[in-house]
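The lines below spell out each chain.
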Amino acid sequence: MTDGGYTGPATLLLADREVRVDVDLRGHFQPIDGRYHWYGRLAASDELDELVAGRKRTAVLRTESGEATGEVSDPDPWRRYRITGVSTPPFRIDTELAADGN
C-alpha cells in the first residue's frame, strides 16, 4: 500500500551545497524487511546536473515536514533524478491504522 507522499519544494544537501528542487515523492511500508521505503523524482535542474553528474550520490532531502538521507541516482530522459531512501521519509505519513468499516 502506498501512502499519500509529497509533491512540492524541497532542499537537497549534497557536497556541502544546498540545492532548491521540486520533488514528487511516495513510499510504502515493506513487511518483508519491516522498514518504510520512500522514493521519487527530483525536477530537472542545471545545478543538480552539475553536482550529481549522472553518478549515484548520497544526499539529505529536506521538506517542510522533515528531512532524510537518500540516494540520488539515474536521471530519466527528462533529466529528473531518482531519489530513494529507507526508514523515516522527509514527508509526513499516516501512522494510524484505518478503522474497519464492518
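Criteria and cut-off values
Residues numbered from 1 in each chain as written. Predicted model: local features only at pLDDT ≥ 70, side-chain atom pairs only at ≥ 80, totals over all residues. Heavy atoms only, no water. Helix = DSSP H or I, 4+ residues; strand = E, 2+ residues; numbered from the N terminus. Buried < 20%, exposed > 50% of the residue type's maximum accessible area, 1.4 Å probe, protein only. Contact = heavy atoms within 4.5 Å. Areas by Shrake-Rupley, 256 points an atom, 1.4 Å probe, with all protein chains shown as cover. Pairing = 2+ DSSP bridges. Salt bridge = Lys/Arg side-chain N within 4 Å of Asp/Glu carboxyl O. Axes fitted to C-alpha atoms, helices over the stretch in contact; angles between N-to-C directions. pLDDT = per-residue confidence, 0-100.

1. Overview of the overall build of the chain
Then step 1. Check the secondary structure of the chain and you find one helix and six strands.
Then step 2. When burial is assessed residue by residue, the chain has 32% of its 102 residues classed as buried.
Then step 3. Taking the contacts inside the chain whose residues are at least 6 apart along the sequence as the reference set, 53% of them involve residues at least 24 apart.
Then step 4. For the chain, the computed accessible surface area is about 6500 Å², with 48% contributed by carbon and sulfur atoms.

2. A few points about the pairing of strand 6 (residues 81–86)
Then step 1. Side-chain alternation along strand 6 places Tyr81, Ile83 and Gly85 on a buried face and Arg82, Thr84 and Val86 on a face that remains uncovered.
Then step 2. Judged from the six bridges that link them, strand 3 (residues 35–42) and strand 6 form a sheet pairing that is antiparallel. Bridging across to strand 6, Trp38 finds its partner in Gly85.

3. Side note on the pattern of salt bridges
Then step 1. A complete count under the given rule lists eight salt bridges for this structure.
Then step 2. One salt bridge connects Arg26 with Asp24, and the closest N-O pair in it is separated by 3.3 Å.
Then step 3. Take Arg26: its relative accessible area is 29%, and that puts it in the partly exposed class.
Then step 4. One salt bridge in this structure joins Arg79 and Asp46, with 2.9 Å as the shortest N-O distance. Within this pair, whereas Arg79 is found in the loop between strand 5 (66–73) and strand 6, its partner Asp46 is found in helix 1 (residues 46–52), the two being separated by 33 residues in sequence.

4. So, the sheet that holds strand 1 (residues 6–14)
Then step 1. An order of 1-2-3-6-5-4 is seen for the six strands of this closed barrel, with the pairing classed as antiparallel. Looking at each pair of strands side by side, their axes are set apart by 40° on average, direction ignored.

5. Remarks on the pairing of strand 2 (residues 17–30)
Then step 1. With nine bridges joining them, strand 1 and strand 2 adopt antiparallel strand pairing. Pairing of Leu14 across the sheet is with Arg17, part of strand 2.
Then step 2. Here strand 1 hands over to strand 2 after two residues, with Ala15 in that stretch at a positive phi of 55°.
Then step 3. For strand 2 and strand 3, the ladder comprises eight bridges, and the chain directions are antiparallel. Bridge pairing in strand 3 links Gln30 to Arg35.
Then step 4. Counting the residues between successive antiparallel strands, the hairpin from strand 2 to strand 3 contains four residues, one of them, Gly34, with a positive phi of roughly 75°.

6. Examining the confidence of the model for the chain
Residues shown with low pLDDT carry predicted positions that ought not to be read at fine detail.
Then step 1. Residue-level pLDDT values for the chain average 89, and 89% of them are 70 or greater.
Then step 2. Counting interchain partners and residues more than four positions distant, the pLDDT-below-50 stretch residues 97–102 has zero contacts.

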